[in-house]
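Structural characterization, general
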Amino acid sequence: MEISRRKFFATSAAAAAIAEQDLAGQTTPPPAAAKPGKLPVIICAANGYKYLDRAWAALQGGADTLDAAIEVVTGPEDDPKDDSVGLGGLPNEEGVVELDSCCMHGPTRRAGSVGGVRNIKNVSRVAKAVMEHTGHVMLVGDGAERFAVSMGFPRENLLTEHSRKVWTLWREVHSNQDWWGPQIGAPNWTAPDGGTAGKRMNRLVEMAASLGIPEEERMDAVRKVLHPPTGTIHCSVANAMGEVSGITTTSGLAWKIPGRVGDSPIIGAGCYTDPDVGSAGATGSGEENIKVAGAHTIVEAMRRGLEPREAGMEALKRIVRFHQDDKNQLRFIGMTYYVLRKDGAYAGVALWSGKPGQTPRYVVHDGEKRTETCTYLLEGETRGWPPIPSVPW
Ligand code: ASP
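Residues numbered from 1 in each chain as written. Predicted model: local features only at pLDDT ≥ 70, side-chain atom pairs only at ≥ 80, totals over all residues. Heavy atoms only, no water.

1. Quick word on the overall build of the protein
Along its length, the protein carries 13 helices and 13 strands. Look at the contacts in the protein between residues 6 or more apart in sequence, and 71% of them connect residues 24 or more apart. Only carbon and sulfur atoms are counted for the fraction: they give 52% of the accessible area of the protein, which is about 15900 Å². (Helix = DSSP H or I, 4+ residues; strand = E, 2+ residues; numbered from the N terminus. Contact = heavy atoms within 4.5 Å. Areas by Shrake-Rupley, 256 points an atom, 1.4 Å probe, with all protein chains shown as cover.)

2. Some words on the sheet that holds strand E9 (residues 335-341)
Within a sheet, each strand pairs with its neighbour through backbone hydrogen bonds, oriented either parallel or antiparallel. Taking strand neighbours across the sheet as the criterion, the five strands line up as E7-E8-E9-E10-E13 in an open arrangement whose pairing is mixed. Looking at strand neighbours, the two that pair on one side only are strand E7 (271-274) and strand E13 (375-378), the edges of this open sheet. Taken pair by pair, the neighbouring strands of this sheet meet at an average axis angle of 15°, ignoring direction. As defined by bridge partners, strand E10 (residues 346-352) adjoins E13 across three bridges and the pair is classed as parallel. Following the sheet pairing, Val349 is matched in E13 by Thr375. The sheet strands contacting helix H11 (residues 294-303) are E7, strand E8 (278-284) and E9, and the helix crosses E8 at an angle near 145°. Sitting on the sheet, helix H12 (residues 308-322) is in contact with E9, E10 and E13, with an inclination near 25° to E10. (Pairing = 2+ DSSP bridges. Axes fitted to C-alpha atoms, helices over the stretch in contact; angles between N-to-C directions.)

3. What about the site of the ligand?
Not every one of the eleven residues close to the ligand is listed here, only the nearest: Gly231, Thr232, Arg260, Asp263 and Gly284. Between the ligand and Arg260 there is a distance of 2.7 Å, counted from an oxygen atom to a side-chain nitrogen or oxygen. A distance of 2.7 Å separates an oxygen atom of the ligand from a polar atom in the backbone of Gly284. Contact with the protein chains hides 100% of the accessible area of the ligand, taken as 270 Å² for the molecule alone. (Near = heavy atom within 4 Å. Polar contact = N/O pair within 3.5 Å; in protein donor to acceptor, adjacent residues only side chain to side chain.)

4. Let's talk about the nonpolar core
Core analysis: the largest hydrophobic core is formed by 49 residues, its most contacted members being Ile42, Val72, Val114, Val126, Cys235, Val237 and Ile247. Those residues in contact with Cys235 that sit more than four places away from it in its chain are Ile42, Ile43, Cys44, Ala69, Val72, Val73, Ser245, Gly246 and Ile247. Core analysis: the next-biggest nonpolar cluster, separate from the first, contains 31 residues, Ile184, Val277, Val320 and Trp352 among them. (Core = buried A, V, L, I, M, F, W, Y, C linked by side-chain atoms within 4.5 Å. Buried < 20%, exposed > 50% of the residue type's maximum accessible area, 1.4 Å probe, protein only.)

5. Some remarks on the sheet that holds strand E5 (residues 233-238)
Taken together, the eight strands give an open sheet; going across it, the order is E4-E3-E2-E6-E5-E1-E11-E12, and neighbouring strands pair in mixed fashion. Edge positions in the open sheet fall to strand E4 (138-140) and strand E12 (369-373), since each of these has one partner strand only. Here the average twist between neighbouring strands, direction ignored, is 10°. Pairing analysis gives three bridges linking strand E3 (residues 110-117) to E4, with the strands arranged parallel. Considered in E4, the bridge of Gly115 is made with Val140. On the sheet, helix H3 (residues 52-60) packs against strand E1 (41-45), E5, strand E11 (361-365) and E12 and is oriented at approximately 150° with respect to E1. Sheet strands touched by helix H5 (residues 123-133): strand E2 (99-105), E3, E4 and strand E6 (244-250). Its angle to E3, the strand with the most contacts, is close to 130°.

6. Some remarks on the pattern of salt bridges
Tallied over the full model, the rule gives 27 salt bridges. Residue Glu368 pairs with Arg370 through a salt bridge whose shortest N-O separation is 3.5 Å. For Arg370, a relative accessible area of 18% corresponds to the buried category. Shared partners join several salt bridges into a network, and the residues in it are Arg109, Asp274, Asp276, Glu300 and Arg303. (Salt bridge = Lys/Arg side-chain N within 4 Å of Asp/Glu carboxyl O.)

7. Remarks on the environment of Thr375
Relative to the helices and strands, Thr375 resides in strand E13. Between the C-alpha atoms of Thr375 and Met313, which are 62 residues apart in sequence, the distance is 8.6 Å.

8. Let's talk about the pairing of E12
In the sheet, E11 pairs with E12 via five bridges, with the strands oriented antiparallel. Along E12, the bridge assignment pairs Tyr362 with Glu372. Two successive antiparallel strands, E11 and E12, enclose a turn made up of three residues, where Gly367 displays a positive phi of approximately 115°.

9. Some points on unusual backbone geometry
Note: most residues except glycine have negative phi, and most peptide bonds are trans. Following Leu39, the chain continues into Pro40 via a peptide bond in cis, with omega recorded as -10°. Inspection of the secondary structure assignment puts Pro40 in the loop between helix H2 (13-23) and E1. Despite not being glycine, Gln324 has its phi angle at roughly 45°, a positive value. In this fold, Gln324 is placed in the loop between H12 and helix H13 (327-330).

10. Re the side chain of Asn92
Take Asn92: it is sitting in the loop between helix H4 (65-78) and E2. Since its relative accessible area comes to 0%, Asn92 is described here as buried. Leave out the neighbours within four places in its chain, and Asn92 touches Glu98, Arg118, Trp167, Trp255, Lys256 and Pro258.

11. Some details on the state of the cysteines
Each disulfide consists of one covalent bond between the sulfur atoms belonging to two cysteines. Scanning the model with the defined rule gives zero disulfides in all. Here Cys44 is not cross-linked by a disulfide; its sulfur's nearest cysteine counterpart is in Cys235, at 4.8 Å. When its relative accessible area of 0% is taken as the criterion, Cys44 is described as buried. (Disulfide = S-S within 2.5 Å.)

12. Some words on the packing of aromatic side chains
Scanning the entire structure with this criterion turns up two aromatic pairs. Measuring from centroid to centroid gives 6.3 Å for Tyr346 and Tyr362, while their planes differ by 70°, and the two rings are edge-to-face. Pair noted here: Tyr346 is in strand E10 and Tyr362 is in strand E11, with a separation of 16 residues, a long-range link. On the accessibility criterion, Tyr346 (21% relative accessible area) is partly exposed. Sitting over the ring of Tyr49, Lys369 keeps its end group 4.3 Å from the ring centre. (Phe/Tyr/Trp six-rings, centres within 6.5 Å; stacked < 30°, edge-to-face > 60°. Lys NZ or Arg CZ within 6 Å of the ring centre and 35° of its normal.)

As structure tokens, this is what we get:
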């Protein structure tokens, strides 16, 4: 059933009250008069920028919204230099690349997902194949890999020489401050102390050189060891008819425990699309996003009438609430949400502002391709998790 525009954008006192109640102390202002968007539109994480044109061309040629989104996300999946997605993704702690992805096709209200997949580069397409060729929504691990091969996806080695060397560097400074141990905010969790970062840095640069990491790549490799990166790509697309789809794909957190699955393949966390409302997706600290079902939370907030930006803020505020507003915990969490309403209104929101001039960005194509800066909730920098390992020298 089509919801009328008036109903969809209804702003009621009840909606505002729900928003306030949900956030328990974090008040979300009632939505202002809804600003209509422009169709069609593509919104995605910044690493999708190079691939927006081909997705836009596909959309203009009548491509389905999910296929257009796949045009974007397969770019980083195929790119060995993007070490957060697909081929060349940074591996788990055993040096094995494991990929996650999920998608939702708005027009047919279907979903597909794969988690912990090895040896198959285009897991976004595999997630779509699960949706189209099975009665299931989610396949994981070895079963997902075998399914992909049965559907004609080639097996290939996803660990590039570059990623292998950065992993070797990480392994050589492996310490007890890694993914093992309590979650952020658990009763026995304590914030790590930074230690003598300068000395460690010099030693790590020397080690990177001895591993044959080229000079121009050394600082980047060291940074990835000290602050395991998040990356990922999410893309949501609305066509001229207001049909929407969304997809997220990732190699997950660098140096994760084998078998770890983050938010990216979780329908409702890494991606959620409702054809009556819109689509949302996430990149960042997957564990935190799973706990607040971020993408679903955002779509539900838009359903209640919140603007895309306010809806994204609501999910961020819920993360803050889960950590009792404790900045000592929150500074180890990074989160960016990409929000698209079915009428084309959109927003990108981030938990932290980052350093001045380095606020997280996202990219959009609505006839004009551009980069936009996220609206942020908290002023300051995230430090990422796990933190700098305490190296014994
Ligand atoms: N959300 C992803 C995960 O937790 C990581 C990321 O966005 O970089 O696996």
